[in-house]
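# Structural features, examined
So you can see what is in the structure, the chains are spelled out below.
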Amino acid sequence: FRGLTEFARSGWDPVDPCSTSFAAGRWTSVAVAMLTGTAFALNGGAQTVFYMGYPEAFEAAAGAGIRLADTAGGWALNAAGLGNTPVMTAASVIFAANARGVATVFIYGADRATSTWLRWEQPILQLLGTEIERIIVR
């Protein structure tokens, strides 16, 4: 006994697996799956915590919520040696966009204009209307 779909297609199959549109659809679904997985792997949700000032603020933020380094995606990027690279900056952007509720940031030292927090994460949170709680680390 053959399945209903196989029976319906017997002798007439409108799907050509060798066509360009079929291949494009397959690669589109792969890209969507990868991007969706990336968004889930870089998500702190309502417990998202940021920091500016390594290692002092990074260590102070430990246990206060979920830092980028605490996510599966952040861990994988650090393990691959991609910390402090444009790839990690892109991950920070996704992490910030996934923040919900109140985002907490631990700050140590003077503002650095080149920090990922000031250049990327804070503007995204402000754009999305996310409340930001600042904690100064001494």
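Preceding this paragraph is the structure being described.
Structure report, in brief. (Residues numbered from 1 in each chain as written. Predicted model: local features only at pLDDT ≥ 70, side-chain atom pairs only at ≥ 80, totals over all residues. Heavy atoms only, no water.)

## Description of the pairing of strand 2 (residues 102-108)
- Counted residue by residue, strand 2 has five buried out of seven residues, so it is predominantly covered.
- Each parallel crossover has a hand, and the one from strand 2 via helix 6 (residues 116-127) to strand 3 (residues 131-137) is right-handed. (Buried < 20%, exposed > 50% of the residue type's maximum accessible area, 1.4 Å probe, protein only. Helix = DSSP H or I, 4+ residues; strand = E, 2+ residues; numbered from the N terminus. Right-handed = clockwise from strand over helix to strand, strands pointing away.)

## Notes on the pattern of salt bridges
- Evaluated as defined, the whole model comprises one salt bridge.
- One salt bridge in this structure joins Arg67 and Asp70, with 3.0 Å as the shortest N-O distance.
- Its relative accessible area of 9% is what places Arg67 among the buried residues. (Salt bridge = Lys/Arg side-chain N within 4 Å of Asp/Glu carboxyl O.)

## Observations regarding helix 4 (residues 72-79)
- All buried positions along helix 4 are accounted for by Gly73, Gly74 and Leu77. Looking straight down helix 4, one finds that the buried residues subtend no more than 100° of arc, so they occupy a single side. Exposed positions of helix 4 whose direction lies more than 90 degrees from the buried face are Ala72, Trp75 and Ala79.
- Once helix 4 finishes, Gly81 follows within two positions and takes phi at roughly 80°, a positive value. (Arc of directions from axis to C-beta.)

## Concerning the side chain of Thr71
- Relative to the elements of secondary structure, Thr71 occurs in the loop between helix 3 (56-61) and helix 4.
- The exposure class assigned to Thr71 is buried, which follows from its relative accessible area of 5%.
- Residues within four places of Thr71 in sequence aside, it is in contact with Ala41, Leu42, Asn43, Ile66 and Phe95. (Contact = heavy atoms within 4.5 Å.)

On their own, these measurements won't tell you what the molecule is for.
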